[in-house]
Amino acid sequence: ISSKNFMSRNNISLENPIMGFSSYTFFPGQHWAHSWERQHEIISRFATILQDKRIFVSSPLGLLNHNPFSIDFFKRIVSYKHSQKNAGIQNPIMDNMELVSAKHLPFHNNIIGKINYTLMKSAMSMSDNNFFWATYMNPTIYEFFRRSKFKIYDLAERRSTNPHLNNRILEWERKAVKESDLVIADNHATIEDYRLLNDNIHYIPQGVNVESFFNINDGAREYIGYIGNLHFAIDYIFLRELILKNPKEKFLIIGGILEDAARQILELPNVIHIGQLPKMELNNHLAHMKMGLIPYVVNNHTVGIYPTKLFEYLSAGVPVISLPLPEVVQYTDDDYLKIIEKPIDLSNIKFSMNKAQAIVNDNTWDVRWNKYIEKIELCLR
């Protein structure tokens, strides 16, 4: 849709206070070539309403310190450059969006953070009147954060319990939460973690873009499917047993392999695997799914995961089978969503999907975005 129509539909005027900044810097935690997620959707919508402004989007700067003398370190550098190079191929880039891959030192401490800020400032077009948005925090990003006029911190997972992060990084996160003008989280667990640090923290969960995900009624629905990367949050034991318990079913898995444990799943004879796809291609594959899976392990960290795929499945007419993640359980309805705690025979499960469209309509990205803009306006006016 055009920027003008988008702004009209979402009650955004050219006089909106968000447009009164001299520079705009964004720090997403995923490359632009990554499978389409919340941060891509939000940044693209900011770019749309800021159509006459140039916005600067940094490549991910990381959260972990890696051994610079290891082979893994150099592999990460190569992968980093490859992801940035292919960003425009994987996902659409708005005309006023500048993807920045600035030179920086890939380590995280106070001194290096200040050095990296000096190295990156001009590439990010940082001004004294800067609008700042980030979805993760490290010492380098904090230097941009603390110098910005208006600061939004968007949290799309319960990072406070992430087993891969050390206490120092978590201290930077808490510091950013406390000092932000506005904190938005997509899960209730994060709200509870940080509500005493900042009373301007709000729950705005994931949404679905119905222009990308919609029901194709003539699709031959023959697969039980999963869309999304195969990462550390997947319950691989459960998923394998579920597939083995349903040998006559065909399982279609679409996404990148981020964990070696995934390979034992993909080797099963009734599993078809397709690698990561651009979001505009996913809907055609969803049209062939009769059920969509959310096979996430439930633990202290994943209780703070709000799976984007929940409403993508439903929007495409695909009923959902999920393990009992709290952010999914709240929508439980046998009409379109069944929660299970162990592998079961799926052959006799039926869904009417009579209520599916109504629940999708209540959870679109347009609905989420209206709330997002409303919270920003309340801070700026």
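For the structure itself, consult the block above.
Just so it is clear, the structure is predicted and the values come from calculations on it, not from any experiment.

Calculation criteria
Residues numbered from 1 in each chain as written. Predicted model: local features only at pLDDT ≥ 70, side-chain atom pairs only at ≥ 80, totals over all residues. Heavy atoms only, no water. Helix = DSSP H or I, 4+ residues; strand = E, 2+ residues; numbered from the N terminus. Buried < 20%, exposed > 50% of the residue type's maximum accessible area, 1.4 Å probe, protein only. Contact = heavy atoms within 4.5 Å. Areas by Shrake-Rupley, 256 points an atom, 1.4 Å probe, with all protein chains shown as cover. Salt bridge = Lys/Arg side-chain N within 4 Å of Asp/Glu carboxyl O. Pairing = 2+ DSSP bridges. Right-handed = clockwise from strand over helix to strand, strands pointing away. Core = buried A, V, L, I, M, F, W, Y, C linked by side-chain atoms within 4.5 Å. Axes fitted to C-alpha atoms, helices over the stretch in contact; angles between N-to-C directions. Patch = residues over 30% accessible without salt bridge, like charges linked within 9 Å, V, L, I, M, F, W, Y side chains within 5 Å. Phe/Tyr/Trp six-rings, centres within 6.5 Å; stacked < 30°, edge-to-face > 60°. Lys NZ or Arg CZ within 6 Å of the ring centre and 35° of its normal. Parallel < 35°, antiparallel > 145°, perpendicular 65-115°, else oblique. Left-handed = near helix turned anticlockwise from the far one by under 90°. Nonpolar A, V, L, I, M, F, W, Y, C, P; charged D, E, K, R; others polar.

J.: Is there a simple way to explain the overall build of the protein in this structure?
T.: When helices and strands are tallied, the protein shows 15 helices and 13 strands. When burial is assessed residue by residue, the protein has 56% of its 381 residues classed as buried. Taking contacts inside the protein between residues at least 6 apart in sequence as the whole, the part at least 24 apart equals 70%. About 17100 Å² of surface is accessible on the protein, with carbon and sulfur atoms providing 51% of the total.

J.: So what exactly am I meant to see when it comes to the pattern of salt bridges here?
T.: Pairing of side chains with opposite charge becomes possible as their charged atoms draw close. Taken as a whole and judged by the stated rule, the model has 17 salt bridges. The partner of Glu 192 in a salt bridge is Arg 195, with the nearest N and O atoms 2.9 Å apart. Note on Glu 192: relative accessible area 49%, which makes it partly exposed. For Arg 195, a relative accessible area of 44% puts it in the partly exposed group. Ionic pairing is found between Asp 333 and Lys 355, a salt bridge with its closest N-O pair at 3.1 Å. With Asp 333 in the loop between α13 (326-329) and β13 (337-339) and Lys 355 in the loop between β13 and α14 (356-361), the pair connects residues that are 22 residues apart, well separated along the chain.

J.: Help me understand the pairing of strand β8 (residues 223-227) in this model?
T.: Sheet faces and side chains relate simply in a regular strand, where the side chains alternate between the two faces. Judged by how many residues are buried, β8 sits mostly within the fold: 5 of 5 residues are covered. Here β8 shows no split at all, with Tyr 223, Gly 225 and Ile 227 on one side and Ile 224 and Tyr 226 on the other all buried. Here β8 pairs with strand β9 (residues 250-254) via 5 bridges, running parallel. When the bridges of β9 are listed, Gly 225 appears paired with Leu 252. In this fold, β8 hands off to helix α9 (residues 236-245), which returns the chain to β9; that crossover is right-handed.

J.: Whenever I open this one, the nonpolar core confuses me. Can you help?
T.: Generally speaking, a soluble globular protein has its nonpolar side chains buried in company with each other. Counting 55 residues, the largest nonpolar core has Met 289, Tyr 313 and Leu 314 as the members making the most contacts within it. In contact with Tyr 313, other than residues within four places in its own chain, are Gly 225, Tyr 226, Ile 227, Leu 286, Met 289, Gly 292, Leu 293, Ile 294, Val 318 and Val 320. With 31 residues, the next largest nonpolar core counts Ile 141, Tyr 142, Phe 145 and Ile 191 among its residues.

J.: Whenever I open this one, unusual backbone geometry confuses me. Can you help?
T.: Phi is positive for Ser 125, which is not a glycine, with a value near 55°. Notably, Met 353 is not glycine yet its phi reads approximately 60°, a positive angle.

J.: Honestly, the sheet that holds strand β10 (residues 271-274) in this entry has me stumped. Any pointers?
T.: Backbone hydrogen bonds hold the strands of a sheet together, and the pairing may be parallel or antiparallel. Across the sheet, 6 strands lie side by side as β10-β9-β8-β11-β12-β13; this open sheet has parallel pairing. On the outer flanks of this sheet lie β10 and β13, each paired with one strand and no other. Neighbouring strand axes in the sheet, compared pairwise and without regard to direction, differ in orientation by 25° on average. As paired elements, strand β11 (residues 289-294) and strand β12 (residues 320-322) share 3 bridges and run parallel to each other. Residue Leu 293 lies in a different strand from β12, and its bridge partner there is Ile 321.

J.: What exactly am I supposed to notice about the environment of Phe 145 here?
T.: Considering the arrangement of structural elements, one finds Phe 145 in helix α6 (residues 139-146). Classification of Phe 145 by relative accessible area gives buried; the value is 0%. It is 9.1 Å that separates the C-alpha atoms of Phe 145 and Phe 131, two residues lying 14 residues apart in sequence.

J.: How should I be thinking about a nonpolar patch on the surface in this particular structure?
T.: Together, Leu 105, Ile 111, Ile 115 and Leu 119 make up an exposed nonpolar region whose accessible area comes to about 350 Å². Within the secondary structure layout, Leu 105 lies in the loop between β3 (97-100) and α5 (110-120). Here Leu 105 falls in the partly exposed class, since its relative accessible area comes to 36%.

J.: Help me understand the sheet that holds strand β1 (residues 23-27) in this model?
T.: Strand order across the open sheet formed by 7 strands is β3-β2-β1-β4-β5-β6-β7, with parallel pairing between neighbours. In the strand order of this sheet, the two ends are held by β3 and β7 (201-203), each with one partner. The sheet shows a mean angle of 20° between the axes of neighbouring strands, taken without regard to direction. Bridging between strand β2 (residues 55-58) and β3 involves 4 bridges; their strand directions are parallel. Paired with Ser 58 across the bridge in β3 is Val 100. Taken strand by strand, helix α15 (residues 365-380) contacts β4 (130-134), β5 (150-155), β6 (182-185) and β7, and its axis lies near 150° from that of β5.

J.: Looking at this structure, how should I read the packing of aromatic side chains?
T.: For any pair of aromatic rings, the description consists of the separation of the ring centres together with the inter-plane angle of the planes. Here the structure, examined in full by the defined rule, presents 21 aromatic pairs. A centroid spacing of 5.0 Å and a plane angle of 85° characterise the contact between Phe 46 and Trp 369, whose relative ring orientation is edge-to-face. With Phe 46 in helix α2 (residues 38-49) and Trp 369 in helix α15, the pair connects residues that are 323 residues apart, well separated along the chain. Judged by relative accessible area, Phe 46 falls into the buried class, the value being 0%. Residue classification places Trp 369 among the buried positions, given a relative accessible area of 0%. It is Arg 147 that lies over the ring of Tyr 117; its NZ or CZ is 4.0 Å from the centre. Sitting over the face of the ring of Trp 36, Lys 279 holds its NZ or CZ atom 4.1 Å from the ring centroid.

J.: Sorry if this is basic, but what is going on with the packing of α6 against helix α7 (residues 167-179) here?
T.: Two numbers describe a pair of packed helices, the interaxial angle and the distance between the axes. Their axes nearest at 11 Å, the elements α6 and α7 cross at an angle of 15°. Classified by the angle their axes make, α6 and α7 are roughly parallel. In this structure, the crossing between α6 and α7 has a hand that is left-handed. Where α6 abuts α7, its residues Pro 139, Tyr 142 and Phe 145 lie against Ile 169, Trp 172, Lys 175, Ala 176 and Glu 179. In terms of residue class, the contact of α6 with α7 is made up of 6 nonpolar, no polar and 2 charged.

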